[in-house]
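# Analysis of the macromolecular model
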Amino acid sequence: GKEIEAHVDPMEEIYFVLGGTGKMKVGEEETDVKPGDAVWVPVGSSHGLLNNGKEDCLILVVASQVS
């Protein structure tokens, strides 16, 4: 039930799901995510992640500053 509330970052990001499940929202699009999934977040896009499973949703976030 934990959540990364919707927010906007000044960089692009890729969320890699390593464990658990969740619901990822980027802009107006919502996607169910599971281990092995990767979600690209463009610069300036609102995004958030809700853990909708019974185990921890483990993620790795890679961010890149665009000049």
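Here, the structure is the one placed above.
Let me begin by describing the structure that accompanies this report. Predicted, not measured: the structure shown is a model, and the values here were computed from it. Per-chain numbering applies: the sequence of each chain, read as written, is numbered from 1 onward. Only residues with pLDDT of 70 or above have their local features reported here, since the model is predicted, and side-chain atom pairs are shown and tallied only from 80 upward, although totals for entire chains, interfaces and linings are computed over all residues. As a rule here, side-chain values come from all non-hydrogen atoms in the structure, and water together with hydrogens is ignored.

### A closer look at the sheet that holds strand β3 (residues 22–26)
Strand pairing is assigned whenever DSSP detects at least two bridges linking the two strands. Only DSSP runs of H or I reaching four residues or more are called helices, and only runs of E reaching two or more are called strands; each is numbered from the N terminus. Taken together, 4 strands build an open sheet; the order of strands is β1-β6-β3-β4 and the sheet is antiparallel. Since the sheet does not close on itself, it has two edges, and those belong to β1 (3–7) and β4 (29–33), each with one partner. Averaged over all pairs of adjacent strands, the angle between strand axes in this sheet comes to 20 degrees, irrespective of strand direction. Relative to β4, β3 runs antiparallel, the two being bridged by 5 bridges. In the strand pairing of β4, G22 is matched with V33. Every axis in this analysis is a line fitted to C-alpha atoms, fitted for helices over the stretch in contact. Angles between the N-to-C directions lie between 0 and 180 degrees.

### Brief notes about the pattern of salt bridges
When a carboxyl oxygen of Asp or Glu is within 4 Å of a side-chain nitrogen of Lys or Arg, the pair counts as a salt bridge. This structure, assessed with the given rule, holds 2 salt bridges. As a salt-bridge pair, K23 and D32 come within 2.8 Å of each other at their nearest N and O atoms. Note on K23: relative accessible area 29%, which makes it partly exposed. D37 serves as the salt-bridge partner of K34, at 3.4 Å between the closest nitrogen and oxygen. The classification of residues rests on relative accessible area computed with a 1.4 Å probe and restricted to protein chains. Under 20% of the type maximum is buried, over 50% is exposed, and intermediate values are partly exposed.

### Here's the deal with the nonpolar core
Side-chain atoms within 4.5 Å are what join buried Ala, Val, Leu, Ile, Met, Phe, Trp, Tyr and Cys residues into a set we call a nonpolar core. Counting 9 residues, the largest nonpolar core is built from Y15, V17, M24, V26, V33, V39, V41, L49 and C57. Among the secondary structure elements, those contributing two or more residues to this core are β2 (12–19), β3 and β5 (38–41). Residues count as neighbours in contact if any of their non-hydrogen atoms are within 4.5 Å of one another. What V17 contacts, discounting residues up to four positions off in sequence, is V33, K34, P35, G36, D37, C57, L58 and I59.

Any functional reading would require information beyond the geometric quantities listed.
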